[in-house]
Amino acid sequence: MLNQVDIQELNARIEKESAFVELIRAELAKCIVGQKGMTDRLIIALLANGHILLEGVPGLAKTLAISTLAKTVEAEFSRIQFTPDLLPADLVGTLIYSQKSEDFVVRKGPLFANFILADEINRAPAKVQSALLEAMQERQVTIGDETYKLEEPFLVLATQNPIEQEGTYPLPEAQIDRFMMKVIVGYPEKSEEKEIINRNLTLQYPIPNKVVSIADIIKARNLVHEVYLDDKITNYISDIVFASRYPDQYGLGQYKDMIEFGASPRAGIYMAKAAKAFAFLNRRGYVFPEDVRAVAADVMRHRLGLTYEAEAENISSDQIIVDILNSIQVP
């Protein structure tokens, strides 16, 4: 357990090392109007070494936000437009026969980058989606008989459109669980809508500057790992996860027949990591319960399997998560 002096020293280091976060926010604000929740979640994923899935109707700047974030970091960026005719080799690469060397040589695919924008990920078939699994979890790619490590940081930022069902392939639970967070992107406010129109009528759209290096990101990740997480907060996270599996034990018996399966162990791991990153964004060296509550829905919503009864009652996973958070005593 850290003492008061250790916490103060950690706070001072975080105050100094987190300065680049405001630079990233400023560059994102050049191109993105509003959507602070979405942009902060992107930064959290970057700092906590987790992948993120953005879901929303077309035109809400999901792709723009991800590509802008990538441009603020001095790193390799690849955009992959997922389509029904995409093949796994189009992602990971393939072996090409070279007449010059009379041997097969590796041609690496777009996954060999630091930032991967998987645009409309649910438009590609399962075989292509599964090609991301090894890369996302193991941070490596296998081509032929050889396995290649991917450079750090490696971040998959995916988008999907929830309104079109024709020609789409829903992500299987095994893959969607690999994403640290699933963020629902909503419409902008009326004042923001006006600003969006005005910005897009100018002759030149703002171009973000590179304000942070890979070394800065890795250094910040190590510091996020040091953020203090008390045992009481760990127990709080465990209660949230267990309440999604056994709701009747937490006074939520009305959801017993509505939850087919609860959150996986990754939910607790990612909630702790995201809460630490959220504390880092707020320049603190320790996690508050409010940090956990701030990220809980984004970490949990894609990890709850709902039954037909829930659909019939028009009960969403977000509603269940709110009730879970309200039912558990805050430490």
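What this report covers is the structure whose coordinates are included nearby. (Residues numbered from 1 in each chain as written. Predicted model: local features only at pLDDT ≥ 70, side-chain atom pairs only at ≥ 80, totals over all residues. Heavy atoms only, no water.)

1. Some points on the overall build of the protein chain
Regarding its fold elements, the protein chain presents 14 helices and 13 strands. The C-alpha atoms of the protein chain give a radius of gyration of 21 Å, which matches the 20 Å a tight globule of 331 residues would have. Its C-alpha atoms give the protein chain principal-axis dimensions of roughly 70 × 50 × 50 Å. Residues counted as buried form 49% of the 331 residues belonging to the protein chain. Counting contacts in the protein chain only where the partners sit at least 6 residues apart, residues at least 24 apart contribute 78% of the total. (Helix = DSSP H or I, 4+ residues; strand = E, 2+ residues; numbered from the N terminus. Rg over C-alpha atoms; globule rule 2.2 N^0.38 Å. Buried < 20%, exposed > 50% of the residue type's maximum accessible area, 1.4 Å probe, protein only. Contact = heavy atoms within 4.5 Å.)

2. Structural notes on the layout of surface pockets
Volume-wise, the largest pocket comes out at about 710 Å³. In this structure, the largest pocket is lined by 29 residues; those nearest its centre are Glu 55, Ile 176, Lys 182, His 302 and Leu 304. Elements represented by at least two residues in the lining of the largest pocket include exactly α7 (173-176), β10 (179-184), β12 (259-261), β13 (305-306) and α14 (317-327). Across the lining of the largest pocket, the residue classes tally to 11 nonpolar, nine polar and nine charged. Looking at the second largest pocket, its volume works out to about 230 Å³. Contributing to the lining of the second largest pocket are 13 residues, with Gly 59, Leu 60, Ala 61, Ile 196 and Asn 200 lying nearest its centre. A total of three residues in the lining of the second largest pocket trace back to one element, the largest contributor, which is helix α8 (residues 190-200). Looking at the lining of the second largest pocket, its residues break down into nine nonpolar, three polar and one charged. (1 Å grid on protein atoms, 1.4 Å probe; cavity = no way out; pocket = protein on both sides within 12 Å on 5 of 7 lines; lining within 4 Å. Points joined across faces, edges and corners; volume = space filled by probe spheres on them. Nonpolar A, V, L, I, M, F, W, Y, C, P; charged D, E, K, R; others polar.)

3. Examining helix α4 (residues 62-72)
With respect to burial, α4 is a largely interior element, eight of its 11 residues being buried. Buried residues of α4: Lys 62, Ala 65, Ile 66, Ser 67, Thr 68, Leu 69, Ala 70 and Thr 72, and no others.

4. Overview of the sheet that holds strand β3 (residues 77-81)
Here we have five strands laid out as an open sheet, ordered β3-β6-β9-β1-β10, and parallel in their pairing. The sheet terminates laterally at β3 and β10, the two strands that pair on one side only. Sheet twist, expressed as the average angle between the axes of neighbouring strands with direction ignored, equals 15 degrees. Judged from the four bridges that link them, strand β1 (residues 51-55) and strand β9 (residues 155-160) form a sheet pairing that is parallel. Of the residues in β9, the one forming a bridge with Ile 52 is Leu 157. (Pairing = 2+ DSSP bridges. Axes fitted to C-alpha atoms, helices over the stretch in contact; angles between N-to-C directions.)

5. Focus on the packing of helix α10 (residues 231-245) against helix α12 (residues 289-300)
Where α10 meets α12, the axes come as close as 11 Å, and the angle between the chain directions of the two elements is 30 degrees. Relative to α12, the element α10 is oriented roughly parallel. For the crossing formed where α10 meets α12, the hand is right-handed. Contact with α10, carried on its side by Ile 233, Tyr 236, Ile 237, Ile 240 and Ser 244, involves Pro 289, Val 292, Arg 293 and Met 300 of α12 and no other residues of that element. Among the residues forming the contact of α10 with α12, the class breakdown is seven nonpolar, one polar and one charged. (Parallel < 35°, antiparallel > 145°, perpendicular 65-115°, else oblique. Left-handed = near helix turned anticlockwise from the far one by under 90°.)

Treat this as a map of the structure, not an account of what it does.
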